[in-house]
Amino acid sequence: MSSCKILIVNPFDKLPGENFRDQRYTKIYESLCHLGEDVHWWSMDFHHWSHSPRFSDKFNGNIRLFSVPKYKSNISLKRFFCYFWFSLKVYRELTKLEEPPEYIITLPVPELIFLLAKFCKSRNVKLIIDITDVWPDLYVRAFPKKLMWLGEILVKPFHWMANYAYKYSYHITAVSKTYRDEISDRSGVKNKKSSYFYLGAPQLTIDLDSKPIDMVNVIFVGQFEFSYDLTIIMQTALRSQNEGLKIRFFLAGRGSKMSFIEQFIKSNSLDNVELLGWLNSKDLMSIASRCHIGLNCYNSFATQSIPTKYFDYMSMGLVVLNSLEGEMADLIRSDASGLTYRANNVEDFYEKLLFLSSDIEKLKIEGVNNRHNFEKNYSFSKIYGRMVSLLFE
């Protein structure tokens, strides 16, 4: 690799040209390129979201892929070894550089940021750590519930590595105020340069005039994994069908809970739930244009603060029914974008859904307002223009 001003080290996000939706670092990279900055991106030869291989010949010379062990489950020791190996390879290649970059921006994988901090400290490089999730807490999730205590003990060295990196970083940014403040408190670096920028979403074209007036359509978009409470959706769909309510549920995504959902639908003969699988952006917006409510259904133990899903739903002109407390619930109240129910409480979820569904015309108006608010405050172009200007001044 030749020298560059800015190096992105991110093994997760969509690379430019890949056939997936744009993500946070896709837009950061594109924004920097648009400004004429000399920016490179180091990632891995394995796509985290689809678990499919990547090939170097599909990308330009500023993007470099490192060969890593593959994993099939996002909650597994294999995933940990994948990132450990990636971190070692990145550090080894950095030490070979005659001239280091001026900035390195990365995500808070503990072993990765520890090694990057060691390198940046020795070569006077400005390290920016972007808190997109609360690591190393994620590692504890790989343990069965009865062994969580063991997981907490085993991750203590990773907490030390992360705190070392935060101490020697140039700037700590995050996807929410909650994450920024939590990491600052945990690591004792409250006086460090810091910021937060929400994830946002792409501003795609959508027809908000095609929503039906005789049926409330509800949509969930996301992975069918353990952080999400898909059970509450299924139970509510069954109750809605038994009570003859005109509410239909669309589930877009896949994951380990798919077999449970399919079996629940079959055993209860549900005809008000439609499984869509993963959809491309055009098909998803087409379905969303006929929906009224977007479900932000997380389990009570979920660590998410302000997920992408919220901004996706606003971009789709949907009213949001949410389970996350704290900053997410506060944002929904300030945006007047929906309601928050008590996580894992099916009765509260059902009552809030009925309340929203009681006035379809009002739902349509509030959905349009959410879309306008999104365009003004939360689109990719609004967020990442500000982010790049602040971080790389």
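Shown above is the structure to which this text applies.
Bear in mind the structure is a predicted one, so any value in this text is a computation, not a measurement. (Residues numbered from 1 in each chain as written. Predicted model: local features only at pLDDT ≥ 70, side-chain atom pairs only at ≥ 80, totals over all residues. Heavy atoms only, no water.)

Participant: How would you summarise the pattern of salt bridges if you had to cite specific residues and measurements?
Facilitator: Evaluated as defined, the whole model comprises 20 salt bridges. Notably, a salt bridge pairs Arg64 with Glu93, separated by 3.1 Å at the nearest N-O pair. Taken together, the residues Arg64 in strand 5 (residues 63-66) and Glu93 in helix 2 (residues 77-95) connect sequence positions 29 residues apart. For Glu93, a relative accessible area of 11% corresponds to the buried category. Across the pair Arg342 and Asp348 runs a salt bridge whose closest N-O atoms are separated by 3.8 Å. Residues joined in a network through salt bridges with shared partners are Lys14, Asp22, Lys27 and Glu30. (Salt bridge = Lys/Arg side-chain N within 4 Å of Asp/Glu carboxyl O. Helix = DSSP H or I, 4+ residues; strand = E, 2+ residues; numbered from the N terminus. Buried < 20%, exposed > 50% of the residue type's maximum accessible area, 1.4 Å probe, protein only.)

Participant: Now, about helix 6 (residues 156-167): what can you tell me, with residues and values included?
Facilitator: Its 12 residues place the ends of helix 6 17 Å apart at the C-alpha level, agreeing with the 16 Å of an ideal helix rising 1.5 Å per residue. Turning to helix 6, its buried residues number three or more, namely Phe158, His159, Met161, Ala162, Tyr164, Ala165 and Tyr166. (Expected span 1.5 Å × (residues − 1).)

Participant: Mind laying out the sheet that holds strand 9 (residues 216-221), listing which residues take part and the relevant values?
Facilitator: Spatial strand order, 11-10-9-12-13-14: six strands in an open sheet with parallel pairing. Strands at the two margins of the open sheet, each flanked by one partner only, are strand 11 (273-275) and strand 14 (338-340). Pairs of neighbouring strands in the sheet enclose a mean axial angle of 20 degrees, with direction left out of account. Relative to strand 12 (residues 293-296), strand 9 is paired through two bridges, and the arrangement is parallel. From the neighbouring strand, Ile219 faces strand 12, where its bridge partner is Gly294. (Pairing = 2+ DSSP bridges. Axes fitted to C-alpha atoms, helices over the stretch in contact; angles between N-to-C directions.)

Participant: Describe the pairing of strand 2 (residues 39-44), and please don't skip the residues or the numbers.
Facilitator: Successive side chains on a regular strand alternate, one facing one side of the sheet and the next facing the other. For strand 2, the tally of buried residues reaches six of six residues, placing the bulk of the element in the interior. Of the two faces of strand 2, the one holding Val39, Trp41 and Ser43 and the one holding His40, Trp42 and Met44 are both buried throughout. Where strand 1 (residues 6-9) and strand 2 come together, four bridges link them in parallel fashion. The partner of Val9 across the bridge, within strand 2, is Trp42. Taking the sense of rotation as the criterion, the β-α-β connection linking strand 1, helix 1 (residues 24-34) and strand 2 turns out right-handed. As paired elements, strand 2 and strand 5 share four bridges and run parallel to each other. If you follow Trp41 over to strand 5, its bridge partner there is Ile63. (Right-handed = clockwise from strand over helix to strand, strands pointing away.)

Participant: I'd like a rundown of the sheet that holds strand 6 (residues 103-106), residues and numbers included.
Facilitator: The sheet built from six strands is open, its strands ordered 5-2-1-6-7-8 with parallel pairing. Strands at the two margins of the open sheet, each flanked by one partner only, are strand 5 and strand 8 (171-174). Averaged over all neighbouring strand pairs, the angle between strand axes comes to 20 degrees, with direction disregarded. Across the sheet, helix 3 (residues 110-123) is in contact with strand 1, strand 6 and strand 7 (126-131); its angle to strand 6 comes to roughly 170 degrees. (Contact = heavy atoms within 4.5 Å.)

Participant: Let's hear about the environment of Pro16: which residues, and what values?
Facilitator: Of note, Pro16 is situated in the loop between strand 1 and helix 1. For Pro16, a relative accessible area of 21% translates into the label partly exposed. Between the alpha carbons of Pro16 and Phe59 there is a distance of 7.6 Å; along the sequence they are 43 residues apart. Not counting chain neighbours up to four residues away, the residues in contact with Pro16 comprise Thr26, Tyr29, Trp41, Phe59 and Ile63.

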